[in-house]
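Each chain, written out:
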Amino acid sequence: MGFRIGVVGATGAVGRNMVEVLEKSDVVVSELRLFASERSAGQTIMFKGSEVRVEVLTEKAMREGFDYLLFSAGADVSRKYAPIAADVGTTVIDNSSAFRMVPEIPLVVPEINGKLLKGYSGIVANPNCSTIQMVLALYRVHDRYQLHEIFVSTYQAVSGAGHKAIVEYERQLTGDMTHNVFPRQIAHNVIPLIGDLKNDISQEEWKMINETRKILNSQSISVFPTTVRVPVRIGHSESVIARTLFPIMSKEDLIETIASGEDVVIHDDIITPLEIAGDDDTHVSRIRLFDAHTFGLWVVADNLRVGAATNAVRILKLHSQLNCASSTESEIEVAEVERR
Ligand SMILES: NC(=O)c1ccc[n+]([C@@H]2O[C@H](COP(=O)([O-])OP(=O)(O)OC[C@H]3O[C@@H](n4cnc5c(N)ncnc54)[C@H](OP(=O)(O)O)[C@@H]3O)[C@@H](O)[C@H]2O)c1
């Protein structure tokens, strides 16, 4: 036995990572189907020693019924095709922004709110990459001391804007400084704008504000982000200053609290994106306790993995454990998730 799984957007920056993360995971795959547009239909991608042919995405294929479909082909594609798949009983894990703020659709970081997957079927939304690594670094502090305000500046890799953005950046490194993906030249530069502005706040900043509140289940947290694109290929970095409602006991306690987070690694020394590309953990360094209510962190994670593919595969794994295992195993899993 095993799962019938499909990846929509399989040839993209995230989709390729999804196939790699699935391959490395212990998810038992009985059939893997890969979908993209006509542009790359017929290409092949290796999975567990076999070449899998990329197919054109069609409504008919989405009606075939999969156990899981992982979508990473942009919001328009998700809006059109994900509901078709969900209607025939497929669990869709969607990386785009299409459904994240729909109240009845769970927005899941498994380590934090994975229990929402118990008994759920339909579309599950995967949060924005910058938000995932920030909430992973902060969720235990929120559990213990209640977060009140978060001031965050991001240093986001070019791969966060997809394959075309990587191509534009690499072309600029060879001397051709034309640009059409980013609003300015990105090589040798930084750009303090990601997405369009609405009421002076960029799309990426709105995502960090709204998604943080939804994942941490707290509308009272104020988030003040500045999102910035930097000339780094893979790995988003974040400078986070946060304030808590309750006083933090000590710096040691703060460090222990952050370190108790699942898939979170603390470093005494500095940590940089180059060192963590291809890794599945969220890395935290430069921990400072400014006063009893105010602390600072440097948070780094692979945006294509932690921020997208790994989170999606973790959702798949936990969803299958909670809903496909025998009831006794499911109850143990829920108890574990609730203890977190
Ligand atoms: N990059 C990140 O760090 C990141 C993180 C979190 C979430 N996301 C989200 O994940 C999604 C994909 O991002 P990406 O960075 O992987 O983008 P990308 O590199 O541009 O890849 C896009 C993928 O979607 C496919 N596609 C585009 N239009 C399609 C259509 N009409 N029908 C079928 N397939 C189509 C492309 O296929 P072709 O090869 O045929 O063009 C390609 O496989 C976006 O929604 C993005 O917001 C990205």
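Residues numbered from 1 in each chain as written. Predicted model: local features only at pLDDT ≥ 70, side-chain atom pairs only at ≥ 80, totals over all residues. Heavy atoms only, no water.

> Looking at this structure, I do not really get the pattern of salt bridges. What am I missing?
Opposite charge on two side chains allows them to pair when their charged atoms are near. Enumeration over the complete set of coordinates arrives at 16 salt bridges. Arg-305 serves as the salt-bridge partner of Glu-20, at 3.6 Å between the closest nitrogen and oxygen. A residue pair is termed long-range when its members are at least 10 positions apart, and Glu-20 in helix H1 (residues 13-24) and Arg-305 in helix H10 (residues 305-324) qualify at 285 residues. Of the residues examined, Glu-20 reaches a relative accessible area of 43% and is grouped as partly exposed. Given a relative accessible area of 3%, Arg-305 falls into the buried group. Here Asp-263 ties to Arg-314 by a salt bridge, and the two come within 3.6 Å at their closest N and O atoms. Remark: Arg-314 occurs in helix H10 and Asp-263 occurs in the loop between helix H8 (251-259) and strand E13 (264-266); sequence separation between them is 51 residues. (Salt bridge = Lys/Arg side-chain N within 4 Å of Asp/Glu carboxyl O. Helix = DSSP H or I, 4+ residues; strand = E, 2+ residues; numbered from the N terminus. Buried < 20%, exposed > 50% of the residue type's maximum accessible area, 1.4 Å probe, protein only.)

> What exactly am I supposed to notice about the domain arrangement of the protein here?
The parts lose accessible area when they come together, and the size of an interface is often stated as this lost area. Looking at the protein, the domain boundaries give domain 1 (3-127 + 307-339) and domain 2 (130-303). Taking the mean C-alpha position of each, domain 1 and domain 2 sit 24 Å from one another. When domain 1 packs against domain 2, close to 1,700 Å² is buried across both sides, 61% of that on carbon and sulfur atoms. Broken down residue by residue, the surface that domain 1 buries against domain 2 is led by Met-101, Glu-111 and Ile-112, which jointly contribute 32%. Put simply, domain 1 and domain 2 have 2 salt bridges between them. The interface formed by domain 1 and domain 2 contains 9 residue pairs in polar contact (both at pLDDT 80 or more). Sorting the residues of the side of domain 1 that touches domain 2 by element identifies helix H4 (110-113) and H10 as the ones contributing at least two each. Counting residues per element, the side of domain 1 that touches domain 2 draws most heavily on H10, at 5 residues. For the side of domain 1 that touches domain 2, a count of residues per class yields 10 nonpolar, 6 polar and 3 charged. (Domains from an automatic or database assignment. Buried area = accessible area lost by both parts, 1.4 Å probe. Polar contact = N/O pair within 3.5 Å; in protein donor to acceptor, adjacent residues only side chain to side chain. Nonpolar A, V, L, I, M, F, W, Y, C, P; charged D, E, K, R; others polar.)

> Is there a simple way to think about the sheet that holds strand E11 (residues 222-226) in this case?
Strands belonging to one sheet form pairs held by backbone hydrogen bonds; the direction of such a pair is parallel or antiparallel. The 6 strands lie next to each other as E11-E8-E12-E15-E14-E13, forming an open sheet whose pairing is mixed. Either end of the sheet is taken by a strand with one partner, and the two such strands are E11 and E13. Across this sheet, the average inter-strand angle for adjacent strands is 25 degrees, counted without regard to direction. With 8 bridges joining them, strand E8 (residues 147-155) and strand E12 (residues 236-244) adopt antiparallel strand pairing. Of the residues in E12, the one forming a bridge with Leu-147 is Thr-244. Lying on the sheet, helix H5 (residues 129-145) is in contact with E8, E11, E12, E13, strand E14 (282-291) and strand E15 (294-301); it crosses E12 at an angle near 25 degrees. Most of the contacts of H8 go to E14, to which it runs at about 155 degrees, and overall it touches E13, E14 and E15. (Pairing = 2+ DSSP bridges. Axes fitted to C-alpha atoms, helices over the stretch in contact; angles between N-to-C directions. Contact = heavy atoms within 4.5 Å.)

> Just to check I follow, could you spell out the environment of Lys-214 for this structure?
Structurally, the position occupied by Lys-214 is in helix H7 (residues 203-215). The contacts of Lys-214, once residues within four sequence positions are left out, are Arg-100, Met-101, Val-102, Pro-103, Ile-105 and Leu-107. A polar side-chain atom of Lys-214 sits 2.8 Å from the main-chain carbonyl oxygen of Arg-100.

> Honestly, unusual backbone geometry in this entry has me stumped. Any pointers?
Despite not being glycine, Lys-48 shows a phi value in the positive range, around 50 degrees. By the secondary structure assignment, Lys-48 is in the loop between strand E3 (44-47) and strand E4 (50-56). One non-glycine residue, Asp-200, lies in positive phi territory at about 70 degrees. If you trace the backbone, Asp-200 turns up in the loop between strand E9 (197-198) and strand E10 (201-202).

> Sorry if this is basic, but what is going on with the pairing of strand E1 (residues 3-8) here?
Taken residue by residue, a regular strand's side chains alternate between the two faces of the sheet. Of all the 6 residues making up E1, 5 are buried; the element is thus mostly covered by neighbouring parts of the structure. With 6 bridges connecting them, E1 and strand E2 (residues 29-36) associate as parallel partners. In the strand pairing of E2, Phe-3 is matched with Val-29. With 4 bridges joining them, E1 and strand E5 (residues 68-71) adopt parallel strand pairing. When the bridges of E5 are listed, Val-8 appears paired with Phe-71.

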